Amino acid sequence: MFDEYVEHTTAAVPSHGVLQSRGLQYEGFEPAQPEEILDFDVQEAPDVEPPQSPIFDLGQVQCAINAPLVSLVVCSDMLVMGLASNVLILIELAHATQVTKIQIPAKPNEMTLHKVFMDPSGRHIIITSTQGQNWYLYRTWKKPRQLKSFNKLVIESIAWNKAAMLSNAQPTSTREILLGARNGTVYEAMLNAEEDFFKSQERYLQPVFSLPELHPVTGVKYEFFPPSDPRRALVVVTTPSRIYQFVGTPDFRSDDSGRIFSTMFASYRDKVPKILELPGDTQHSELHFYTSNPEQANSLPRSLAWMTAPGIYHGNLNFESTTDDFIDAADVLPYNTSGGVSEVPLSIALTDFHYVILYKDRIAGVCNLDDKVTYEEPLPLRPGEEVRGITADPVRKTYWVYTDQSIFELLVGNEDRDVWKIYLEKNQYETALRHTKTARQRNQVLAAQASSFFSEGRFFQAAQCYAQCSVSFEEVVLKFLDVNERDALRSYIISRLERTKKTDITQRMMLATWLVEFYLSKCNELDDIVASESVLHDVGNLQAERAILEDDLRQFFETYKNNLDPKTTYELIQGHGRTDMYLHYATVIGDSERVIEHWVMEEEWSKAIDTLNRQSNLELYYRFGAVLLRQAPKETVDSWLKQPTLDPIRLIPSLLQLQHAPRDPLSPNQAIRYLNHIVFEQQNTSPTIHNLLVTFYVLPASAPSSSATSDDGPILRFLSTAPSDPITGKPYYDLDYALRLCKQTGRTQPCVHIYSKMALYENSVDLALEKGDLELAKINADMPEDDQPLRKKLWLKIARYVVQDKKDIKTAMRFLENTDLLKIEDILPFFPDFVVIDDFKEEIAHALEGYSSHIDMLRNEMDDATRTAESIKQDINALRNRFVTIDAGDTCSVCSHLLLTRQFYVFPCRHNFHADCLIGLVKQYLPAHSLRRMLALQTELMKGAGTPIISANITSPAPVNPAVQPPSRQPHTQRTLLSANFTNPLQNGTRAANLLGRNLLSAGDKIRDLIVPDALAALVSAPTWIPGIGGGRRNGNDTDGGKKVEKLRAELDDLLASNCPLCESVVVGLDKPFIAEDESDTTWTL
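Residues numbered from 1 in each chain as written. Predicted model: local features only at pLDDT ≥ 70, side-chain atom pairs only at ≥ 80, totals over all residues. Heavy atoms only, no water.

- Where an unreviewed UniProt entry is consulted, the protein appears under the name Pep3/Vps18/deep orange family-domain-containing protein, with the organism given as Lentinula lateritia.
- Its UniProt record gives the protein the following Sequence similarities (unreviewed entry) comment, quoted word for word: "Belongs to the VPS18 family."
- Recorded in UniProt for the protein, the comment headed Subcellular location (unreviewed entry) runs: "Endomembrane system". (UniProt positions renumbered as here; feature names shortened; annotations may be inferred.)

Structure, rendered in structure tokens:
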């Protein structure tokens, strides 16, 4: 607002001296120096306060006024100036550069502007003149409109409907307004800026009350109350010498047609309103209300001020008054006197704590709390310049001083700077505290309040105040000790402890330890009083006080446990004999060990276990496990089961306590119960734990005689269900240890079971038979399921036992029904030589019948096999006569050359191959054993082909290779294929095959590399016919060697032509890659 136009005055602000606190003297001690006082985290106030900002600051507004300024009004940051030239200047302070000038359509010689009024919202403006002409201007209009019904009415004051204006319910209507006229009459009116052809802006105007003295109504205000349900109204009317109060119920109408005050004022025709008269010779007065939160529509004013001739009449408005007087604490502030004459001001304004008084040449501020002048500044007036008045923005709380030539803005700065001092002098400490701004101010108020409480005997209140101020700790403590107020001292120390910094560990520990001593002493004191007066008096109140104090101490332990030294605190509590507090403190700080020790010493086992369950330190389980398991085994094991993170190995010493302890035979062994849970529920695999469980099962009691009658059921169940190592399949317990332990205690069935676990089935069967347990022996005899000879051997042992030891032939015969491994002939050797056959004659007959039927079944199978062989032979003979017709243009399925150019094979699937191509393709899919046989046949055939083969129609072959080199020379590294020289394949191919076969075999290549397709093609072909060339004859007659070669050739032919390689390779080659290792794939190259 106008910041760019305001020139603030540079007058020096009077400095205010810093109040020095006077030293307080006490008897019995010397006050400590400040540097000797322990710092208990009370913020000391600084010795010198920083410079204080001024209360008010007057600045001139730079604006051009081309005519004398008559009236100025500001509301809701809207400023309106009324000039003597009948021109209105409107400035919205949020946009101060935008100035609107509106000319009132009246000549200055015909109308003299008297006052300008504006509602709190800054929308409605009413202009009045000394001639009685009145004009109305709405904020958005370009020119005002004359109020004809207001003619000849000089308006001195207006009371606006603040609630309706600020709520913005009807922005174009003024709602109900009260006008104070110069003729001493109060009017009610309503204006509406809404354009209506049938209605004028003047909704109505009617007089509601005329003052008896007919003096000008210089001020009028009204308020609806209470804010929650505004049904009543207070109207305050002032004249230069009188103030009237009208209270009543307005006539609110649902149609908002107005005329709400007529009924209320009509009630005062027969009665006199509340009147106060302050006579004087001045004809000018003003009425002002002050509201703390004026921006709220329903807020009520807090105070009023009425400028009169004797002084400023002021007071507080009490809207809860039950009388007709709503002004409380009313008083008159006289004006300053000059030369014995009181100077009447021109105008006044109200702030939160001051009356701003405007004189002809200066402006002053008087504090409304102590009526002292706190601000005074002369006005920078030009020669001939006349001061007009001061106006205030009731909503934004801004203040403006105006003359006929200038405008000044009075900035309210640090208005409440010294308010705390005033309230402090009045001993209103709480109010003073609310207005303090610095730590020093607050400290000074608290120190004074603490001294006041202490002198009045209100020690607890004094303790709280002392704890918040900087009075030395020693001084306060000695003061309370002098008057023996230990309870108040305890409250003071608690408050100081709460305000001490957490980093001051030593100081906090000292205070907390001292408080523990105070609490314990008070508890013991109450105990003594209760014990001494319980017989004669009712001590219920004392007991309740003691209970409250004990609860406070417990809460103190929980809050300040980190500020107490455990050793010192334990000693204090034990010194006072407070066992309950001892246990509570130990529980609070988490010292469960000390609590458990106490309950163990008291033999309160259940409480000790309960404390153990509530804490998380596993070491305490190991430490107290032995004694608790011995005294309360079930509860202790229950506690262990709740802690799955316990290490059972460390609990073994405690578990062994139960091994030799007397136990009720009807109650379960708690050690076995815990170990079972560890093994089966928690899946513990430690051999130590498993062996310990075996020990407890085998040796459940301390008496050695009890083992003879012990039940083997539990140990057998454990041995049968014990978990095993998934890798080795063996149980986690030591089989040797378990076997040795069971043998020592004579437990046969567990030993037999362990033998079976160790796969010593013979030992298990022998031991079972030794103890006469035939059923157990049968069970173990069937365990080696994969070893039939061993099973038969075990069953023979059992049979021998039944026949020879039991000598029970009938049982032996029934015994054969339990197994299918033994026959009657297997057990006959065990019978005595002179045994009567009648007992097993029927079994022998059954056995012979069985053998006979088995022989018949084998004979039938042989006959079936013979018939099948004959059928196969017939099929083979039929296949030999099968033929396939080929065309001269058929090609090889591998090399795509004409099929008839070389020896070939044709398969029923219509795949055709040259002989060498077929060999090269077949060797890639034949199994290893077939390859080895093919290589052997190749070697034998090459040995038998040493005689050269001569064909009648074959010309001399081209040399395939030079003469065979001596054995001492290395063979050629490059292989020469015989198919390249097909002019004489038989002669040249055989020789080359012999040569290459020897060389390759000596080189030791892989089997597939040793098979030469060209050589085999020559060896497998018939010597008398070559396709497309003609036949040939071998020299000499057929010999035995020739028959052998033919047989070998036929076998080789069977290997090659057993299956079509292309059809067979679909299945055989499923696991082979598409690209061989020595091939490079370039099909995906971009």
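Structure's up, so let's keep going.
1. So, the sheet that holds strand β20 (residues 303-307)
Thinking step 1. Ordered in space as β19-β20-β21-β22, the four strands form an open sheet in which the pairing is antiparallel. The open sheet has two free edges, formed respectively by β19 (286-290) and β22 (327-334), since each of these has just one partner strand. Sheet twist, expressed as the average angle between the axes of neighbouring strands with direction ignored, equals 15 degrees.
Thinking step 2. Two strands pair when backbone bridges link them, and β20 and strand β21 (residues 311-317) are joined in this way by five bridges, in the antiparallel orientation. When the sheet's bridge partners are listed, L304 is paired in β21 with G315. (Pairing = 2+ DSSP bridges. Helix = DSSP H or I, 4+ residues; strand = E, 2+ residues; numbered from the N terminus. Axes fitted to C-alpha atoms, helices over the stretch in contact; angles between N-to-C directions.)

2. Focus: the packing of aromatic side chains
Thinking step 1. This model, assessed by the stated rule, comprises 34 aromatic pairs.
Thinking step 2. Consider the rings of F56 and Y375, whose centres lie 5.2 Å apart with planes at 50 degrees: the pair is tilted. A residue pair is termed long-range when its members are at least 10 positions apart, and F56 in strand β2 (residues 56-61) and Y375 in strand β28 (residues 373-378) qualify at 319 residues. Like Y375, F56 is buried.
Thinking step 3. Their ring planes at 75 degrees and their centres at 5.5 Å tell us that F454 and F480 sit as a pair that is edge-to-face. (Phe/Tyr/Trp six-rings, centres within 6.5 Å; stacked < 30°, edge-to-face > 60°. Buried < 20%, exposed > 50% of the residue type's maximum accessible area, 1.4 Å probe, protein only.)

3. Some remarks on the packing of helix α33 (residues 1013-1020) against helix α34 (residues 1040-1057)
Thinking step 1. Remark: α33 packs on α34, axes separated minimally by 10 Å, with the N-to-C direction vectors making an angle of 125 degrees. In terms of their interaxial angle, α33 and α34 are classed as oblique. In the packing of α33 onto α34, the handedness of the crossing is left-handed. Where α33 abuts α34, its residues L1016, L1019 and V1020 lie against R1049, L1052, D1053 and L1056. (Parallel < 35°, antiparallel > 145°, perpendicular 65-115°, else oblique. Left-handed = near helix turned anticlockwise from the far one by under 90°. Contact = heavy atoms within 4.5 Å.)

4. Things to note about the pattern of salt bridges
Thinking step 1. Applying the stated criterion across every chain, the model contains 40 salt bridges.
Thinking step 2. Of the charged contacts, one joins R1049 and E1046 as a salt bridge, the two residues approaching to 2.9 Å between their closest N and O atoms. Here the residue R1049 and the residue E1046 both occupy positions in helix α34, the gap between them amounting to three residues, near one helical turn.
Thinking step 3. Taking the relative accessible area as the measure of exposure, R1049 reaches 10% and is therefore buried.
Thinking step 4. The network of salt bridges with shared partners includes D527, R546, E550, D551, R554, R578 and D580. (Salt bridge = Lys/Arg side-chain N within 4 Å of Asp/Glu carboxyl O.)

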